[in-house]
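Descriptive analysis of the structure
Take a look at the letters that make up each chain.
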Amino acid sequence: NKVSVTYPGRSKRVLRNLTLEIRRGSCYVVYSPNGGGKTTFLRLLEGACEYEGSVMVDGIELSDMNSVQYRKQYLAAVLQELNLFHGSVLDNVRIANQSAHVFEIEEALKKVGFNLPGKEKLPLDLQVGERGLELSGGQRQRVSLARAFIRHEAKLLLVDEPTSALDDESAQRVIDELCRIAERGDKTIIIATHDQRFRQLKQFQVLELANGRIVSN
């Protein structure tokens, strides 16, 4: 309610007096011009930036919640900084769900376009390197998406530019999986993107931001 965000050292507000009710299980795709505030909007919901105003989560002010517990209890996120670590593909996906069976992880990788007949292979034991630097940008993005897809207990899925580094076929697979998750209705999904294909999806409401303000909802 009336939420504003200003980054340290800057005088201009990145988000300005936003008021929006996001109901549990609702799904939004957020568009804005570059610098219009969509990535900051996701960071706000992630609990990663200070704000003025009020952000209520299940009746509790976000800034009053323990950030580690909030992210553990609520979040699955694929944001601009893809947090891969030194280890295997299996390690990097399974960290989202330690009880996930190898078969489930393999299925998640197929949903983002890996290991399909005649398609790119990504062995589970492949070492990704520190911050995933042994992988290409598109591979890092898809591993991060697969990780988010197996985090079943998360109530809120935040995704920033999910198709930006992907070929058309992989992008469509990711879009299809996001639609399937949306149709289940057990997660709130917020996607920030420039990809116009999301506008056509009946599962998502479109939210337009410009200069840090909601201009269309």
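1. Regarding the sheet that holds strand β3 (residues 27–31)
In spatial order, the strands read β6-β7-β8-β3-β9-β10; together these six strands make up an open sheet with mixed pairing. In the strand order of this sheet, the two ends are held by β6 (75–78) and β10 (213–216), each with one partner. Strand-to-strand, the axes of this sheet are offset by a mean angle of 25°, without reference to chain direction. Relative to strand β9 (residues 205–210), β3 is paired through four bridges, and the arrangement is parallel. By the bridge assignment, valine 30 is partnered in β9 with leucine 207. Of the strands in this sheet, β6 and β7 (156–160) are in contact with helix α2 (residues 67–74), which crosses β6 at around 85°.

2. A word on the side chain of glutamate 46
Locating glutamate 46 in the fold gives a position in helix α1 (residues 38–46). Despite its burial, glutamate 46 pairs with no opposite charge, the nearest such side chain being arginine 71 at 4.6 Å. Those residues within four positions of glutamate 46 in sequence are excluded, and the remaining contacts are Tyr70, Arg71, Leu75, Leu79 and Leu158.

3. Some thoughts on the layout of surface pockets
A water-sized probe rolled over the atoms picks out the places where empty space is left. Space inside the largest pocket adds up to approximately 750 Å³. Those elements that provide at least two residues to the lining of the largest pocket are α1, α2, β6 and α5 (137–149). For the lining of the largest pocket, the element with the highest residue contribution is β6, accounting for four residues. Estimates place the volume of the second largest pocket at around 640 Å³. Taken together, 22 residues make up the lining of the second largest pocket; nearest its centre are Ile22, Leu45, Val55, Met56 and Val57. Within the residue set of the lining of the second largest pocket, elements represented by two or more residues are α1, β4 (56–57) and α2. The dominant element in the lining of the second largest pocket, judged by the number of residues it contributes, is α1, at three residues. Of the residues in the lining of the second largest pocket, the class split is 13 nonpolar, four polar and five charged.

4. Some words on the nonpolar core
As a rule of thumb, nonpolar side chains are buried together in soluble globular proteins. Residues Leu178 and Phe204 are the most contacted members of the largest nonpolar core, which totals 42 residues. Every element with two or more residues in this core is listed here: β3, β6, α3 (89–94), α4 (102–111), α5, β7, α6 (168–184) and β8 (188–192). Take this core: its biggest share by element is seven residues, from α6. Among residues more than four places away in sequence, those in contact with leucine 178 are Phe149, Leu157, Val159, Pro162, Ile189, Ile191, Phe198 and Phe204. Judged by nonpolar contacts, the second largest core, of 28 residues, contains Leu15, Tyr51, Val55 and Val57.

Reading guide: rules and limits
Residues numbered from 1 in each chain as written. Predicted model: local features only at pLDDT ≥ 70, side-chain atom pairs only at ≥ 80, totals over all residues. Heavy atoms only, no water. Pairing = 2+ DSSP bridges. Helix = DSSP H or I, 4+ residues; strand = E, 2+ residues; numbered from the N terminus. Axes fitted to C-alpha atoms, helices over the stretch in contact; angles between N-to-C directions. Contact = heavy atoms within 4.5 Å. Buried < 20%, exposed > 50% of the residue type's maximum accessible area, 1.4 Å probe, protein only. Lys, Arg positive; Asp, Glu negative; His and termini not counted. Salt bridge = Lys/Arg side-chain N within 4 Å of Asp/Glu carboxyl O. 1 Å grid on protein atoms, 1.4 Å probe; cavity = no way out; pocket = protein on both sides within 12 Å on 5 of 7 lines; lining within 4 Å. Points joined across faces, edges and corners; volume = space filled by probe spheres on them. Nonpolar A, V, L, I, M, F, W, Y, C, P; charged D, E, K, R; others polar. Core = buried A, V, L, I, M, F, W, Y, C linked by side-chain atoms within 4.5 Å.

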